[in-house]
Amino acid sequence: MAKIRRAILSVTDKIGLSDFARTLAKHGVELISTGGTAKMLRDAGIPVKDISELTGFPEMLDGRVKTLHPKVHGGILHLRANEEHVATVKEHGIQPIDMVVVNLYAFEKTASKPGAHFEEIIENIDIGGPSMVRSAGKNFQDVAIVTSPDQYAQVAEEMDKSGGSVSKQMHWKLAQRAFATTAAYDSAIASALERVMVDDAGKFDISNIHGGTGFPEILRLLFRKSMDLRYGENPHQKAALYSNGTDLGVANGKQLQGKELSYNNIVDLQAAWDLAQEFDEPVCAIIKHTNPCGTAVSSILVEAYKRALEADPVSAFGGVIGVNREIDEATAEEMAKLFLEVIAAPSFSEGAKARFAAKKNLRLVEVKALDQKYTLKNVSGGVLVQDNDIRPLTDADLKVVSERKPTESEMKDLLFAWKVCKHVKSNAILYAKDGRSVGVGAGQMSRVDSARIGAMKAVLPLKGCVAASDAFFPFPDGVEVIAEAGATAIIQPGGSVKDQEVIDTANRLGLAMVLTGVRHFRH
């Protein structure tokens, strides 16, 4: 292993750099740096040479040109085992550079900042940084390329053990990460800039840069593997979890205790979290195989959980729970009585953690909310992309079409049922009463069968409940089954060619019926 003798350091993210630079200096590495990085190192008492001393040229054009110079890239790119390369750099007074420590301008952060100007966004497109990263990555045999603070400790440990060298295996590992870094960086720039519009006068409109309308011409998906999973949906399938690199959403949830999450755990956890986010008041959603077997709201979380559990205690066994409040000790005490796979919440009180600690296999996951704009589904040869189904109902959407208007309590339950029904696999019929689900008919090939199964699955009395349907009734028979089960009001999108027959049936049976004009298929 060749010893590291000279390194260029030029970073935007300066976390941990001083300590890493001290390790390099300790091993006799000459440090060369740029602008703010050089200043930070000097302020920390670490000897450093300005890049201009290496190149013989000052930094220029407001910092646009600093490292784009033969004495930088020749020092990085020449092959040490190639006699002609070595003679050429010696002839031109180019010194070898054995390590490059670079992370890039924060383009994504700048582009996503409210109020950012187009000129500011453009100036945060790094040129010199990616050029050095690619040069060092190409010449990985001779140059170590460090692109992230999370690599400092490993590299420093190797240098300490070897007296200042970095192994060939580490060189290659660093190069792999380097090219992944520049690929992700270029992709982020392309994805943002393709949403910028320019008029005939050359004025740039960046109003759509944060998402806007429509879909990109090229879909760029950039996720980093968080972990390998034990298996996929079934034991013979391999699986892994990938993350967008933030601390938001289910993929980046903080697991506080319990066994490793499985593929199915994560899928159900997402379903539970999505449903819990529908409500402002305390809510508990109990999920089994992505369907909500029990959902309830209340003024306090522990009561919401109790009421959700009562809806279907048999199905809740081995379920996954999502809530929209911190789980306190009282709620934990109740939940701990049931065998559960995963509990997802924004946070857990210290008392709750202590109560759950005895259930060592139970997975507790803290999740930070994420505004997810799109959903994706694989198809052979491609991927389907759609807006996330987040359209809320407004008063203007609601249309009472029956002779009898719903009572105030019925309307409240109809709106509750509508939110929950959206998260039931289609065809979906959901029965609800007093702010909780009482029967769920999920995933049937015919709507009338979903109505029958929802009533059959009910543990609590159905008399006086309401029902929600995720799509229109193609025939009146579904309404007849719902009325027979004991429901007094129905909420549904409408839009069937037989709408009038369906409404007439509701009137004949004395049901109130509300149309939303919004469908919530969930395939």
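Residues numbered from 1 in each chain as written. Predicted model: local features only at pLDDT ≥ 70, side-chain atom pairs only at ≥ 80, totals over all residues. Heavy atoms only, no water.

- Under an unreviewed UniProt entry, the chain has the name Bifunctional purine biosynthesis protein PurH and belongs to Koribacter versatilis.

**Some remarks on the pairing of strand β16 (residues 374-379)**
- Judged from the six bridges that link them, β16 and strand β17 (residues 382-387) form a sheet pairing that is antiparallel. From the neighbouring strand, Asn378 faces β17, where its bridge partner is Val383.
- Hairpin connection of β16 to β17: two residues between the antiparallel strands, including Gly381 at a positive phi of 85°. (Pairing = 2+ DSSP bridges. Helix = DSSP H or I, 4+ residues; strand = E, 2+ residues; numbered from the N terminus.)

**What to know about the sheet that holds strand β2 (residues 30-33)**
- On the basis of which strands lie adjacent, the open sheet formed by five strands has the order β3-β2-β1-β4-β5 and parallel pairing. Both outer strands of the open sheet, β3 (49-50) and β5 (144-146), are each paired with one neighbouring strand and no more.
- Pairing between strand β4 (residues 99-102) and β5: three bridges, direction parallel. Pairing of Val101 across the sheet is with Val146, part of β5.

**Some points on the domain arrangement of the chain**
- Under the domain assignment, the chain is made up of domain 1 (6-194), domain 2 (253-366) and domain 3 (395-515).
- For domain 2 versus domain 3, the separation of C-alpha centres amounts to 27 Å.
- Each partner contributes residues to the interface: domain 2 has 18 residues there, and domain 3 has 18 residues.
- Here domain 2 packs against domain 3, burying approximately 1,500 Å² in sum over the two surfaces, 51% of which is carbon and sulfur.
- It is Glu278, Pro292 and Arg307 that lose the most area in domain 2 upon contact with domain 3, and together they represent 31% of the buried surface on that side.
- The interface formed by domain 2 and domain 3 includes three salt bridges.
- Lys457 is the salt-bridge partner of Asp312, the closest N and O atoms lying 3.6 Å from each other. (Domains from an automatic or database assignment. Contact = heavy atoms within 4.5 Å. Buried area = accessible area lost by both parts, 1.4 Å probe. Salt bridge = Lys/Arg side-chain N within 4 Å of Asp/Glu carboxyl O.)

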